[in-house]
Amino acid sequence: MSTTYNCTSDDQRALGLEHAQRAISEQKCVVFPTDTVYGIAADAFSPQAVTMLLVSKGRGRSMPPPVLIPRINALDGLATDVSADARKLAEAFWPGGLTLILHAQPSLDWDLGDTKGTVALRMPADEVAQELLTLTGPLAVSSANRTGHAAAQTAAEAREQLAESVEVYLEGGFRPLEGTEGVPSTIVDATGPLLRVVRNGAVTLQQLREHVPGVLGLGEIPMAEEPADETPVGDSEVDEAPLDEVPLAEATLDEAPTGATAGEPTGPKQEPNA
């Protein structure tokens, strides 16, 4: 049976985080607040748990969830061939609303879906999220909603959609702010020689270019590059568009588009991420 904890109360927050940590270790799903929208999370290193997350959302393996991390030094443990420009963006905007698509460490024993050898990483700027991630380590996270529906801005809204498929709901109030719409993270594909925005979101292109001037905007093609013959694979669900899929049309937590030909991003589609 699902349990909701009011994380605005110190006692409830401590109990909720303890229960959530236990649920993750038991390969169950939890819902928690992030700095964008609410996310549904599972152990990133448990194929069974990731499958439960996807089933809870009504999503397939073609839209793998991004991975949230508790600290920037987890970057090199999960990704390889991280460019100097990608590091500059991570250092500038983590914790915060930026998701980076990178080459996954080939030695890692995980299965997030059809990732094409990539992983989407983000470090959220939310106290409850940070406390949970510190207890559990990296989590596969997508926006807390059924695919095709609006991303949840409270745990109560998430429970209306996800019901008993989630073991623990951590209620922290509205995200990002009451009366505002959830804004997804900006997703940048950092798997190629040039960094490319594949979903617009919380961090603007202007802000990105203040640190890496050569970042390409959404759909922008370098002057010397011809347009690809094929149409890029679509974003994923908005993971929501808040949380989880890139494209993040929905809310924003998650996914990044899967790439195909030259000039296209190489990562998987992503839902809006949280």
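Residues numbered from 1 in each chain as written. Predicted model: local features only at pLDDT ≥ 70, side-chain atom pairs only at ≥ 80, totals over all residues. Heavy atoms only, no water.

Let us now look at the overall build of the protein. Looking only at helices and strands, the protein features seven helices and 13 strands. The long-range share in the protein, meaning contacts at least 24 apart out of those at least 6 apart in sequence, stands at 63%. Total accessible area on the protein is roughly 10800 Å²; 51% of this is exposed by carbon and sulfur atoms. (Helix = DSSP H or I, 4+ residues; strand = E, 2+ residues; numbered from the N terminus. Contact = heavy atoms within 4.5 Å. Areas by Shrake-Rupley, 256 points an atom, 1.4 Å probe, with all protein chains shown as cover.)

As a further point, take the nonpolar core. Ranked by size, the top nonpolar core spans 47 residues in total, and within it Leu89 and Leu121 carry the most contacts. Elements represented by at least two residues in this core include exactly β3 (38–43), α2 (47–57), α3 (75–78), α4 (84–93), β6 (98–104), β7 (118–122) and α6 (155–162). Ranked by size, the runner-up nonpolar core spans 21 residues in total, among them Cys7, Ala41, Val128 and Leu132. (Core = buried A, V, L, I, M, F, W, Y, C linked by side-chain atoms within 4.5 Å. Buried < 20%, exposed > 50% of the residue type's maximum accessible area, 1.4 Å probe, protein only.)

Most of β7 is tucked away: five of the five residues are buried. Burial of β7 is two-sided: the residues Thr118, Ala120 and Arg122 facing one way and the residues Val119 and Leu121 facing the other way are all buried. Pairing of strand β4 (residues 67–68) with β7 involves two bridges; the strand directions are parallel. Along β7, the bridge assignment pairs Val67 with Leu121. Two elements, β6 and β7, share four bridges in a ladder whose sense is antiparallel. (Pairing = 2+ DSSP bridges.)

Going through the model one piece at a time under the given rule, you end up with twelve salt bridges. A salt bridge links Arg122 to Asp35; its shortest N-O distance comes to 2.9 Å. Placement of the pair is Arg122 in strand β7 and Asp35 in the loop between β2 (30–33) and β3, with a sequence separation of 87 residues. Note that Asp85 is salt-bridged to Lys88, the shortest N-O span being 3.9 Å. Separated by three residues within a single helix, Asp85 and Lys88 lie in helix α4, roughly one turn from each other. For Asp85, a relative accessible area of 29% corresponds to the partly exposed category. (Salt bridge = Lys/Arg side-chain N within 4 Å of Asp/Glu carboxyl O.)

What follows deals with the packing of aromatic side chains. In the structure shown here, the tally under the stated rule is one aromatic pair. An angle of 20° between the planes, with centres 5.3 Å apart, marks the rings of Phe45 and Trp110 as stacked. Note that Phe45 is positioned in the loop between β3 and α2 and Trp110 in the loop between β6 and β7, a separation of 65 residues in sequence. Its relative accessible area of 32% is what places Phe45 among the partly exposed residues. (Phe/Tyr/Trp six-rings, centres within 6.5 Å; stacked < 30°, edge-to-face > 60°.)

Before going further, it helps to spend a moment on helix α5 (residues 127–136). Of the positions making up α5, those classed as buried are Val128, Ala129, Gln130, Leu132 and Leu133. Lining the buried residues of α5 we find α1 (10–25), β2, β4, β8 (139–143) and β9 (168–171). One side-chain oxygen at the N-terminal end of α5 lies 3.0 Å from the backbone nitrogen of Val128; it belongs to Asp126. At the C-terminal side of α5, Gly137 shows a positive phi close to 85°. (Polar contact = N/O pair within 3.5 Å; in protein donor to acceptor, adjacent residues only side chain to side chain.)

The next subject is α6. Along α6, the residues classified as buried are Ala155, Ala158 and Leu162. The arc that holds every buried residue of α6, seen down its axis, measures 55°, which confines them to one face. (Arc of directions from axis to C-beta.)

Let us look at the confidence of the model for the protein. Across the protein, pLDDT averages 85, with 82% of residues at or above 70. Low confidence marks residues 230–252, where pLDDT is under 50. Its contacts with residues over four positions away, or in another chain, come to 212 contacts. Every residue in residues 254–270 scores below 50 in pLDDT, and together they form 121 contacts with partners more than four places removed in sequence or on other chains. (pLDDT = per-residue confidence, 0-100.)

On to the environment of Val197. In this fold, Val197 is placed in strand β11 (residues 196–199). Taking the relative accessible area as the measure of exposure, Val197 reaches 4% and is therefore buried. The spacing of Val197 and Gly217 is 20 residues in sequence and 5.2 Å in space, taken between C-alpha atoms. Apart from residues no more than four positions distant in its own chain, Val197 is found in contact with Thr186, Ile187, Val188, Leu205, Leu208, Val215, Leu216, Gly217, Leu218 and Gly219.

The next thing to look at is the environment of Glu210. Looking at the secondary structure, you find Glu210 in the loop between α7 (205–209) and β12 (240–241). Remark: the alpha-carbon pair of Glu210 and Ala92, spanning 118 residues in sequence, is separated by 9.8 Å.

Successive residues of a regular strand alternate their side chains across the two faces of the sheet. Judged by how many residues are buried, β3 sits mostly within the fold: five of six residues are covered. Relative to β3, β2 is paired through four bridges, and the arrangement is antiparallel. The residue bridging Pro33 from the neighbouring strand is Tyr38, located in β3. Inspection of the sheet shows β3 paired to β8 by five bridges, in the antiparallel sense. Counted as the bridge partner of Ala41 is Val141 from β8.

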